[in-house]
Structure formats: structure tokens, C-alpha cells
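Structure assessment
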Amino acid sequence: MKATVSICCFLSLLLLQATAEDEDVTSVLRDRSHIDETLRLASEQKAKDYAAALERLRKIYHTSIRPMEQAYKYNELRQHEISDGEITSKPMVLFLGPWSVGKSSMINYLLGLSDSPYQLYTGAEPTTSEFTVIMHGEKIRSVEGIVMAADSSRSFSPLEKFGQNFLEKLIGIEMPHKLLERVTFVDTPGIIENRKQQERGYPFNDVCQWFIDRADLIFVVFDPTKLDVGLELEMLFRQLKGRESQIRIILNKADNLATQDLMRVYGALFWSLAPLINVTEPPRVYVSSFWPYDYAPDTSRDLFKKEEISLLEDLNQVIENRMENKIAFIRQHGIRVRIHALLVDRYVQTFKEKMSFFSDPELVFKEIVDDPDKFYIFKSILAKTNVSKFDLPNRDAYRDFFGINQITSFKPLSAQCSYIGGCLLDKIEKAITNELPALLSSINSGKQPGLSSCEATGCGEKPKNRYRKN
């Protein structure tokens, strides 16, 4: 009996000691004033009104780019649909990385949610199993994934194609916050190398790719104790190819190490990532500890503070340039749609040229698709148009594309003209070379873009078809 009482007293003493230590830790909170200053959250200056520019951008997309998309089924090649909600959406910041590296804690820190009832759940074990979208709202509430997908006014309606199992793993959190008025955060499930895709119940890589394609800034977060690179992380970096300018690598929890050990870990991180990031200039790596509590004693406090401010400046730059980035994104999308239409047109022309009365259509087109270089499909596009060879899509993608789309279902570009709407090729070229750059110039000069009354009809001019053969 006495032994039992002694054990109980000992356990109570340990509990009190742990509680006291927790109080000591939580009492030493870091000053957050630099966050508000760097992101200009404390200023009363209103954000610029881009309503007119967004409406102009939406109109250019719907009148000049979307008709070409639909005519040549571009979405079936790239699986990238642009909705009105995506055009008008705020910049998106995506958090990726292994489990328990501090992604959710970093969001709590940036939004000041730590130790509040609304903070994202964190822990040493894998805690985030959902894709969590933190966005602005008039009041704090959670939004189910099926509701987000059903709301066409949001930019997340295309996620419905990933199935109901995924929508159950998608959750939105709305809250009134000055930073969320300007940006949306997306927290992702941590990468667990011993877990298979099938165990998640939905196509994890495909969902990540959807968010990667739409993110304005991508934070890839690492823990000094979790630098091993496995198959799932390697696959993630393959998906990030072409988005290197948006990637920021974060070595989090840096105050857990002594300065000498931190230098070794920093070098080990670069050594691990070097084979995965095949670029001349390595991405920026930020070394700090992104959580609300004070840095550990005898660590590089000044360095961590400067790194944190640099990261916040990067985030603020994305917010300030959100309209320019949106226009550039739509223009890049238009260039890809135009190249796709030119290639499909070339396939159609080659098929018609090689067909004869006694030819088997399936065999003729199989020969063209299997060896497009034999018929100069891609080289002819480079020779006739201002297309960069680096922008050409993969040849194998068209084998799959024509596997589900009959070549006879497409009209040549010379037939895609009307007296009312003009020619699809002329309209998309005008948008890429004139309208979108002019809209970008008007944003930079501070002028309000106006809507032309001749956009849809061309003021009665007869359409010019520069692509018709003489």
C-alpha cells in the first residue's frame, strides 16, 4: 500500500514538473511585430482594386483562348481547366514536405493562431491527413470538401474529378484575417515513405500536381532529422519540374542544433536534393525555426531572424505581384493552347495528304502517330511559327491523346473561322502578342484597363486567315 502511494506521489510530482516546464516554454513567446511590418498588415492602406483588370482578363480568356481549348480538346491533353474562380482567386501558397517537419506549425505562426482554439493540430506523429485550405471569411468556420467542390465561385471545383474519397480528405477553414485577405494557404499531408498510394484511397500525386500547377509560391519544408529522400519525395520533386522559380526550401527547427551541426545538416540537405533539382542555380534555402516560441539559447538568433524576414519579403512580393503573375499565367496557358492547336492541325493535314482511296485510315494514322518525326510534324511547327522548341510538348502525349480522340473529329485551323467571331488562331495570337501584354502594361502604369467594344465582332472587319494555304 505504501509503495502504491509512493508511486502515485512520484507520478504527480513528474506531472507538476512537466506542467511547470511547459508553462516556462510557452511564457517565452517570440515577438511577432516583424511579421506585420514585413507583410504590411498593420497599415490601413487598402489593397489595389483589380476588379476592372480581372474582368478584362476573364474576357480575354473566354473570347480568345477558351474557344481554341474546346475546339482542340486541350483539357484532355493537359487536364488543366481554368475556371472564373481560378482567374479571380487570391495567390496560393502551398506547403509540402515530409511528415512532422512543422508545416502546420508554420501556418499557425504566420497567422498568429498558436495556443488558440482555431490553430491547426500539430504533433510529433503524422497529424495532417487532409489537404487543408485556409482562406478568408467573415467568420471562423470549416467547409467540407464536397461543399468546396460544388461551389463554382471558388477555384476548387475541378477537384471533384479526383473522387469522393479525396473530397472527404479535403477541408477548408475560413477566418477573418488581414493576411488571408491577400493570400490563401494550403497545408498538405506529410510524405510518408513507407505508405503506398493505394493506402490513401485517392491519387495523392495527381492531387499534389493540381495544387502545384496553381500555386504562386511553394514552400518545401524539411526537418534537420528527416533529410532522407525516398521514392515519394523523389516523385514530388519530379512534379515540381518547371516550377523552380516558385520553390522555396525551408530547413525548419534549426535552433535544435548547434551551429557546427547545423552547417553539416545544411550541406547534407543540398547533397540529398542535388540529384532531384536539375537547375544551374540552386533554389533559395531558408534556415530558421518557424514557430511562436523563442529560439533555443546559444543559437544563431540574428541569422534566424534575418532568414525569417527574407522569407516574409518573398511572400509579400508574391502578394504584391499577384495581378502580374495572373496575367503571365493566363498568357503562358494561351501559348500552350496555341501550340497544341498547331500540332493537331499539322496531324490533320498530314493525315489528309497521306490518305488515298485504297488506304486504311487506321494504319495510315498509326504510322503518323508512332513516328511524327518521319513526317516533320514538330519540325514544321518550329519552321512556320514563332514557337520555341523548348515549349513543345512530349511526342508520346499525342499518342495517348489520339488514342481517345479520333483524328477525323478535328477540323483544320483554316476551317475554324467565321465572319462574326473571326478566326480562332488570329484571336489567340492577338491575345498572346497584344492584349495580354497591354493589360500587363496598364497594371504597371496604374491605368484602369478599358473594355473594347470591337473585341467580339472586330467592328465588322472581314476575318483574315494567315494560316490558309495559298
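Let us look at the structure shown here.

Here is what the cut-offs are and how they apply
Residues numbered from 1 in each chain as written. Predicted model: local features only at pLDDT ≥ 70, side-chain atom pairs only at ≥ 80, totals over all residues. Heavy atoms only, no water. Disulfide = S-S within 2.5 Å. Buried < 20%, exposed > 50% of the residue type's maximum accessible area, 1.4 Å probe, protein only. Axes fitted to C-alpha atoms, helices over the stretch in contact; angles between N-to-C directions. Helix = DSSP H or I, 4+ residues; strand = E, 2+ residues; numbered from the N terminus. Parallel < 35°, antiparallel > 145°, perpendicular 65-115°, else oblique. Left-handed = near helix turned anticlockwise from the far one by under 90°. Contact = heavy atoms within 4.5 Å. Nonpolar A, V, L, I, M, F, W, Y, C, P; charged D, E, K, R; others polar. Salt bridge = Lys/Arg side-chain N within 4 Å of Asp/Glu carboxyl O. Pairing = 2+ DSSP bridges.

**Quick notes on the state of the cysteines**
A covalent bond bridging the sulfur atoms of two cysteines is what the word disulfide describes. Summed over the entire model, instances satisfying the criterion amount to 1 disulfide. Between cysteine 417 and cysteine 423 runs a disulfide, and the two sulfur atoms are separated by 2.1 Å. Judged by the torsion about the S-S bond (115°), the cysteine 417/cysteine 423 disulfide is right-handed. On the accessibility criterion, cysteine 417 (29% relative accessible area) is partly exposed.

**Points about the packing of helix α14 (residues 322-354) against helix α17 (residues 395-404)**
Where α14 contacts α17, the two axes come as close as 12 Å, and the packing angle between them is 70°. Looking at the two axes, α14 sits roughly perpendicular to α17. In this structure, α14 meets α17 at a crossing whose hand is right-handed. Two secondary-structure elements touch here, α14 through His340, Leu343, Val344 and Tyr347 and α17 through Tyr398, Phe401 and Phe402. Split into classes, the residues belonging to the contact of α14 with α17 amount to 6 nonpolar, 1 polar and no charged.

**What to know about the pattern of salt bridges**
Working definition: two side chains of opposite charge can pair if their charged atoms are close together. Throughout the structure, instances matching the rule amount to 18 salt bridges. The partner of glutamate 174 in a salt bridge is arginine 141, with the nearest N and O atoms 2.9 Å apart. One end of the pair, glutamate 174, is in strand β4 (residues 170-175); the other, arginine 141, is in strand β3 (residues 141-144), and 33 residues separate them in sequence. Residue glutamate 174 is classed as buried on the basis of its relative accessible area of 9%. Salt-bridge contacts for aspartate 370 lead to arginine 399; the nearest nitrogen and oxygen are separated by 3.5 Å. Note that aspartate 370 is positioned in helix α15 (residues 361-370) and arginine 399 in helix α17, a separation of 29 residues in sequence. Of the residues examined, aspartate 370 reaches a relative accessible area of 36% and is grouped as partly exposed. Note on arginine 399: relative accessible area 35%, which makes it partly exposed. Residues joined in a network through salt bridges with shared partners are Lys366, Asp370, Asp396 and Arg399.

**Some remarks on the pairing of strand β5 (residues 184-187)**
Residues Thr184 and Val186 line one face of β5 and the alternating positions Phe185 and Asp187 line the opposite face, and both faces are buried. In this sheet, β5 lies alongside strand β1 (residues 92-96) in parallel orientation, the contact comprising 4 bridges. Looking across to β5, one finds that valine 93 is bridged to phenylalanine 185. As paired strands, strand β2 (residues 131-136) and β5 are joined by 3 bridges and run antiparallel to one another. If you follow threonine 132 over to β5, its bridge partner there is aspartate 187.

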